[in-house]
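# Descriptive structure summary
Single-letter residue listing:
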Amino acid sequence: MCAAPSLAQPSASVHPDLFEEIARLKKAKNAVILAHYYQEEDIQDIADFVGDSLELARAAQSTQASLIVFAGVHFMAEGAKILNPSRKVVMPDLRAGCSLSDSCPPDAFARFRAKHPDHFVVSYINCSAAIKAQSDVICTSSNAVKIVERIPRERPILFAPDRNLGAYVAKQTGREMLLWQGACIVHETFSERKIVELQVRHPDAELIAHPECEASLLQKARFIGSTSALLRHVQESPGRKFIVATEEGILHQMRRKAPTKEFIPAPPNQNCSCNECPFMKLNTLEKIHLCLRDEAPEILMPEELRLKALVPLQRMLDWSK
Ligand code: 13P
Ligand code: SF4
């Protein structure tokens with residue numbers, strides 16, 4: 001996780017007062033801003049912590065701040081509330097969901113589980129509290145292999161909701177897993193044809209990818225990992241040039257941490273901005289200011305649901321120490 005630098009130079013499009021006002025409100029309210037790597041650059045720059053899903057969950061659990069402003073998507077803010085219920089958790093835009101989470105409705109998942117009562121249920125953190133509450137353990141992209149390896153070999157496994165991460169973990173661990181057929185709209189959009197064209201033009205570039213990408217793309221990648229693992233890799237690798245197959249927000253930290261290296265965002269299928277997560281990008285600096293000021297919209301959930309969802313989430317944190 002990056003402890004973000006104090007106050008970055010405001011980008012041209014944002015009024016400098018906004019940066020100052022956010023800093024003032026943060027101090028006055030004893031607030032912390034947690035941001036995912038897929039947030040726009042200004043948000044990453046004003047955040048107190050920028051990290052991947054696992055690091056953000058840990059930061060949310062351990063923070064002493066009274067108010068958590070979660071600049072990410074809904075399941076992340078919900079996770080913060082589950083882990084740290086005495087804090088007020090707000091997010092800039094409640095509509096910031098996740099296609100993976102949406103692909104797994106609780107009722108349909110309950111029916112699926114009921115057909116496989118002997119299976120150990122591993123759910124990717126990109127799911128709602130209602131799915132977490134039906135799971136035995138949660139994982140993120142950075143600890144999924146480790147988590148699955150902890151499950152006794154004789155226990156069959158059901159993995160939800162990401163079929164791509166599930167297939168990748170099954171391959172890495174040699175475990176057979178029953179997969180819920182969900183996917184991320186961003187990571188399934190990369191064009192292999194265009195990536196191969198890029199590789200021909202840049203034969204010295206390493207293709208690196210997030211495990212939410214499809215298996216055929218992952219097969220071509222030199223390195224596969226969570227956003228934090230990708231960020232570490234570009235700093236540690238002797239490589240000078242990288243084709244990055246994940247949401248392009250991560251390039252901001254890559255350019256900052258490895259300023260002499262070159263990063264090429266993997267191109268999507270069409271001439272669109274489909275390698276930007278439309279949910280993550282609903283958050284803006286202006287909305288961060290408003291949610292800090294108004295302490296809304298707030299993440300709330302029934303205590304019974306929170307306690308059920310906490311069990312597998314805490315198990316994940318314990319297993320990935
Ligand atoms: P990370 O676990 O790398 O943070 O991934 C989160 C995510 O939503 C990827 O799409
Ligand atoms: Fe969900 Fe994909 Fe956006 Fe990540 S990038 S939050 S998995 S839609």
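This text goes with the structure placed above it.
Values in this document were obtained by computation on a predicted structure and should not be read as measured data.

Parameters at a glance
Residues numbered from 1 in each chain as written. Chains lettered and ligands numbered in written order. Predicted model: local features only at pLDDT ≥ 70, side-chain atom pairs only at ≥ 80, totals over all residues. Heavy atoms only, no water. Near = heavy atom within 4 Å. Polar contact = N/O pair within 3.5 Å; in protein donor to acceptor, adjacent residues only side chain to side chain. Areas by Shrake-Rupley, 256 points an atom, 1.4 Å probe, with all protein chains shown as cover. Nonpolar A, V, L, I, M, F, W, Y, C, P; charged D, E, K, R; others polar. Buried < 20%, exposed > 50% of the residue type's maximum accessible area, 1.4 Å probe, protein only. Helix = DSSP H or I, 4+ residues; strand = E, 2+ residues; numbered from the N terminus. Pairing = 2+ DSSP bridges. Axes fitted to C-alpha atoms, helices over the stretch in contact; angles between N-to-C directions. Contact = heavy atoms within 4.5 Å. Core = buried A, V, L, I, M, F, W, Y, C linked by side-chain atoms within 4.5 Å. Parallel < 35°, antiparallel > 145°, perpendicular 65-115°, else oblique. Left-handed = near helix turned anticlockwise from the far one by under 90°. Salt bridge = Lys/Arg side-chain N within 4 Å of Asp/Glu carboxyl O. Phe/Tyr/Trp six-rings, centres within 6.5 Å; stacked < 30°, edge-to-face > 60°.

### Observations concerning the site of ligand 1
The immediate surroundings of ligand 1 are formed by His36, Tyr38, Asp52, Ser53, Tyr124, Asn126, Ser141, His187, His210, Glu212, Ser226 and Thr227. Serine 53 places a polar main-chain atom, nitrogen or oxygen, 2.9 Å from an oxygen atom of ligand 1. The fraction of the free accessible surface of ligand 1 (300 Å²) that becomes covered by protein chains is 95%. Across the shell around ligand 1, the residue classes break down as two nonpolar, eight polar and two charged.

### A closer look at the site of ligand 2
In the vicinity of ligand 2, the residues found are Tyr38, Val73, Cys98, Ser99, Leu100, Asn126, Cys184, Val186, Glu212, Cys277, Phe279 and Met280. Taken together, the residues of the shell around ligand 2 sort by class into nine nonpolar, two polar and one charged.

### So, the pairing of strand E8 (residues 157-160)
A regular strand places its side chains on the two faces of the sheet in alternate fashion. Of the two faces of E8, the one holding Ile157 and Phe159 and the one holding Leu158 and Ala160 are both buried throughout. Bridging between strand E6 (residues 120-124) and E8 involves four bridges; their strand directions are parallel. Paired with valine 122 across the two strands is phenylalanine 159, which belongs to E8. Pairing of E8 with strand E9 (residues 177-179), which is carried by three bridges, proceeds in the parallel orientation. The residue bridging phenylalanine 159 from the neighbouring strand is leucine 179, located in E9.

### Considerations on the sheet that holds E6
Taking strand neighbours across the sheet as the criterion, the four strands line up as E7-E6-E8-E9 in an open arrangement whose pairing is parallel. Of all the strands in the sheet, the pair left with one neighbour each is strand E7 (137-139) and E9. Averaged over all neighbouring strand pairs, the angle between strand axes comes to 30°, with direction disregarded. When E6 meets E7, the two strands line up parallel, connected through three bridges. Each residue of the ladder has a partner; that of tyrosine 124, found in E7, is cysteine 139. Helix-sheet contacts for helix H15 (residues 303-319) involve E6 and E7, and the interaxial angle to E7 is about 60°.

### Things to note about the sheet that holds strand E10 (residues 206-209)
Paired through their backbone hydrogen bonds, the strands of a sheet run either parallel or antiparallel. With parallel pairing, the four strands of this open sheet are ordered in space as E11-E10-E12-E13. Here the strands that pair on one side only, and so sit at the sheet edges, are strand E11 (223-224) and strand E13 (262-265). Where E10 and E11 come together, two bridges link them in parallel fashion. The residue bridging isoleucine 208 from the neighbouring strand is phenylalanine 223, located in E11.

### Thoughts on the nonpolar core
With 99 residues, the main nonpolar core has Val122, Met254 and Met316 as its most contacted residues. Those residues in contact with methionine 254 that lie beyond four places of it in its chain are Ile208, Leu230, Leu231, Val234, Val244, Pro259 and Phe263. Within the second largest apolar cluster, nine residues are counted, among which are Phe112, Ile131, Leu158 and Ala160.

### Some thoughts on the packing of helix H12 (residues 227-236) against helix H13 (residues 250-257)
Across the interface, H12 lies against H13 with an axial gap of 10 Å and an inter-helix angle of 25°. By the angle between their directions, the pair H12 and H13 is classed as roughly parallel. Judged by the twist between their axes, the crossing of H12 over H13 is right-handed. Side by side, H12 and H13 meet where Thr227, Leu230, Leu231, Val234 and Gln235 of the first sit next to Ile250, Gln253, Met254 and Lys257 of the second. Within the contact of H12 with H13, the residues separate by chemical class into five nonpolar, three polar and one charged.

### Some details on the side chain of asparagine 126
Take asparagine 126: it is sitting in the loop between E6 and helix H7 (129-132). Excluding anything up to four places from it in sequence, asparagine 126 contacts Phe75, Cys98, Leu100, Ser101, Pro161 and Glu212.

### Comments concerning H12
Most of H12 is tucked away, with seven of its 10 residues classed as buried. For H12, the complete set of buried residues consists of Thr227, Ser228, Ala229, Leu230, Leu231, His233 and Val234.

### Things to note about the pattern of salt bridges
The final tally for this structure, using the stated rule, is 17 salt bridges. One salt bridge in this structure joins aspartate 93 and arginine 95, with 2.7 Å as the shortest N-O distance. Among the ionic pairs, lysine 308 bridges to glutamate 304, the shortest N-O distance being 3.8 Å. With lysine 308 and glutamate 304 both in helix H15, this residue pair falls four residues apart, about one helical turn. The class of glutamate 304 is exposed, set by a relative accessible area of 58%. One network of salt bridges, with partners in common, ties together Lys29, Lys88 and Glu295.

### Overview of the packing of aromatic side chains
Overall, the coordinates contain four aromatic pairs when judged by the stated rule. Judged by centre distance (5.6 Å) and plane angle (80°), the rings of phenylalanine 109 and tryptophan 180 are edge-to-face. Of this pair, phenylalanine 109 sits in helix H6 (residues 106-114) while tryptophan 180 sits in the loop between E9 and helix H10 (192-201), and the two are 71 residues apart along the sequence. On the basis of relative accessibility, which here comes to 0%, the residue phenylalanine 109 falls in the buried class. Overall, tryptophan 180 belongs to the buried group, its relative accessible area being 14%. Among the aromatic residues, ring-to-ring pairing joins Phe109, Phe112 and Trp180 into one connected group.

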